[in-house]
Structures are given as structure tokens and as C-alpha cells.
Amino acid sequence: MLPAWILALLIGGALVVAYWDEIVDWATKFFNAFKEWFAAHFPRLTHYVKVFIEKLRGDRATVKCNSYYQENEDWFVKEGVKQISASEVPADILAQAKATKDKADITLPMLGRTM
């Protein structure tokens, strides 16, 4: 006799195979509808963001944020620069900035902190 979890796995796999086309159709419709809703409600939402921290100078750090967005058919970039105290920089990002010679890409760590 097969253990219950193997039996459940086989039945679940058979159901996925049997209804695969319906699953794909539903997922496609859902994501297309979500994309249309999102575009309608957030037409000027930033499409892409890159954040860099430049080499520290004394007790100051320079953080640069470039956001790229589209209006109609044209793409734009908005550049932001902020000087902050080194004490305001999280320890892991500060260590990354000190380890580089030029500037460090901190986009992913910063996105992880804002979500």
C-alpha cells in the first residue's frame, strides 16, 4: 500500500495534467486583467529604479536614485541625489559601500527594506 502522501501527490499531479489548459487559460486571463487594471490606476508609476551609494567621504555618504518611467511613448529618467550622515546608513549597506572603490548598487537591499 502506498503512503497517503504519495497517493495524494499522484492524484494532485493527475488533476493538474487533466486540467492544465484550463489552468493556463485562467492564469493568462488573470494576469492580463491585472496588467490592464494596474496600467489604468497607476499610469505614471515608476517602471525601474536603481539606487547607488557612493564612496563615503568622512562621515557623509551620497545616495543616488535613478527612476525610469514612461509617459505615452516617451521614456524619462528622474535623478535624485541626497547627502546623508554615515550613521543613517544601515550597517550592511555601509560595509558594502566601504568595500567598493567607486559606488555600490544597493537597489535590492533598499527595496527589501521598503516592502
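Now for a look at the structure at hand. All values reported here derive from a predicted model rather than from experimental measurement.

As a further point, take the overall build of the protein chain. When you go through the protein chain residue by residue, the secondary structure sums to 4 helices and 4 strands. Beginning at the N terminus, the succession of helices and strands in the protein chain can be written as α-α-β-β-β-α-β-α. In the protein chain, which comprises 115 residues, the proportion classed as buried is 18%. Long-range pairs, those at least 24 residues apart, make up 36% of the contacts in the protein chain with a sequence separation of at least 6. When the accessible area of the protein chain is evaluated, it comes to approximately 9,200 Å², of which 64% is carbon and sulfur surface.

Another aspect to go through is the pairing of strand 3 (residues 74-85). By the bridge criterion, 12 bridges tie strand 2 (residues 60-71) to strand 3 in an arrangement that is antiparallel. Within strand 3, the residue paired with cysteine 65 across the bridge is glycine 80. Where strand 2 folds back onto strand 3 in an antiparallel hairpin, the turn is made up of 2 residues, including asparagine 72, whose phi is positive at roughly 55 degrees.

Within soluble globular proteins, side chains that are nonpolar generally end up buried alongside one another. The biggest cluster of nonpolar side chains holds 13 residues, and the ones touching the most others in it are Ile53, Ala61, Val89 and Ile106. Contributions of two or more residues to this core are made by strand 1 (48-54), strand 2 and helix 3 (91-99). In terms of residues, this core owes the most to one element, helix 3, which gives 3 residues. In this structure valine 89 touches Ile53, Ala61, Ile84 and Leu94, once residues within four positions along its chain are discounted.

Another aspect to go through is the environment of asparagine 66. The residue asparagine 66 is located in strand 2 in this model. Once the C-alpha coordinates of asparagine 66 and valine 81 are considered, the two residues, 15 residues apart in sequence, prove to be 8.8 Å apart.

Tracing the chain through its elements places threonine 107 in helix 4 (residues 107-114). A polar atom in the side chain of threonine 107 sits 2.7 Å from the side chain of aspartate 105. If sequence neighbours within four positions are ignored, threonine 107 has contacts with Val49, Lys50 and Val51.

Cut-offs used in this document
Residues numbered from 1 in each chain as written. Predicted model: local features only at pLDDT ≥ 70, side-chain atom pairs only at ≥ 80, totals over all residues. Heavy atoms only, no water. Helix = DSSP H or I, 4+ residues; strand = E, 2+ residues; numbered from the N terminus. Buried < 20%, exposed > 50% of the residue type's maximum accessible area, 1.4 Å probe, protein only. Contact = heavy atoms within 4.5 Å. Areas by Shrake-Rupley, 256 points an atom, 1.4 Å probe, with all protein chains shown as cover. Pairing = 2+ DSSP bridges. Core = buried A, V, L, I, M, F, W, Y, C linked by side-chain atoms within 4.5 Å. Polar contact = N/O pair within 3.5 Å; in protein donor to acceptor, adjacent residues only side chain to side chain.

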